[in-house]
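Breakdown of the fold
If you want the building blocks of each chain, they are given just below.
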Amino acid sequence: MKVRWKNILESMRWLGMGWNEGPEVGGNFGPYIQSQRLHLYKDAARRLVESGYAYNCYCSPERLEKLREEQIKRKNAARL
């Protein structure tokens, strides 16, 4: 079950945490909800590839699944 961002904010308020900027407050650094920031992540990934600090992966979904299964068997954290 996914936790909705409103539940996270409610939990933070319950803990006495506050914030100066965020989804309910606004500010200069939005959007604040991760699923609404995809365009920022894609742009950052593109810049990393263009600068040579990252590369595209052309593995098939089947190969990636096999690698995940092997990592789980070895009790390694899945990183794919």
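Everything here concerns the structure above.
1. Points about the overall build of the chain
- The number of helices and strands found in the chain is three helices and zero strands.
- Secondary structure elements in the chain, listed N-terminal to C-terminal, are α-α-α.
- The C-alpha radius of gyration computed for the chain amounts to 18 Å, which surpasses the reference 12 Å derived for 80 residues by more than 25%, pointing to a less compact arrangement than a globule.
- The dimensions of the chain, computed from C-alpha atoms along their principal axes, are 45 × 35 × 15 Å.

2. So, the pattern of salt bridges
- For the structure on display, the rule yields five salt bridges.
- Between Asp43 and Arg47 there is a salt bridge; the shortest N-O distance is 3.2 Å. In this pair, Asp43 and Arg47 both sit in helix α2 (residues 38-51), four residues apart, roughly one turn of the helix.
- A relative accessible area of 30% means that Asp43 is categorised as partly exposed.
- Between Arg46 and Glu50 there is a salt bridge whose closest N-O contact spans 2.9 Å. Of this pair, Arg46 and Glu50 both sit in helix α2, separated by four residues, roughly a single helical turn.
- Bridged by salt links that share partners, the residues Asp43, Arg46, Arg47 and Glu50 form one connected network.

3. Observations concerning the environment of Leu40
- Checked against the element boundaries, Leu40 lands in helix α2.
- The class of Leu40 is partly exposed, set by a relative accessible area of 32%.
- In this structure, the C-alpha to C-alpha distance between Leu40 and Met17, residues 23 residues apart in sequence, is 27 Å.

4. Describing the environment of Gly22
- Checked against the element boundaries, Gly22 lands in the loop between α1 (5-14) and α2.
- What makes Gly22 buried here is its relative accessible area of 3%.
- Placed ten residues apart in sequence, Gly22 and Tyr32 show a C-alpha to C-alpha distance of 5.8 Å.

5. Description of a nonpolar patch on the surface
- The grouping of Trp14, Leu15 and Met17 at the surface amounts to a nonpolar patch, some 410 Å² of accessible area in total.
- Of note, Trp14 is situated in helix α1.

About the cut-offs
Residues numbered from 1 in each chain as written. Predicted model: local features only at pLDDT ≥ 70, side-chain atom pairs only at ≥ 80, totals over all residues. Heavy atoms only, no water. Helix = DSSP H or I, 4+ residues; strand = E, 2+ residues; numbered from the N terminus. Rg over C-alpha atoms; globule rule 2.2 N^0.38 Å. Salt bridge = Lys/Arg side-chain N within 4 Å of Asp/Glu carboxyl O. Buried < 20%, exposed > 50% of the residue type's maximum accessible area, 1.4 Å probe, protein only. Patch = residues over 30% accessible without salt bridge, like charges linked within 9 Å, V, L, I, M, F, W, Y side chains within 5 Å. Areas by Shrake-Rupley, 256 points an atom, 1.4 Å probe, with all protein chains shown as cover.

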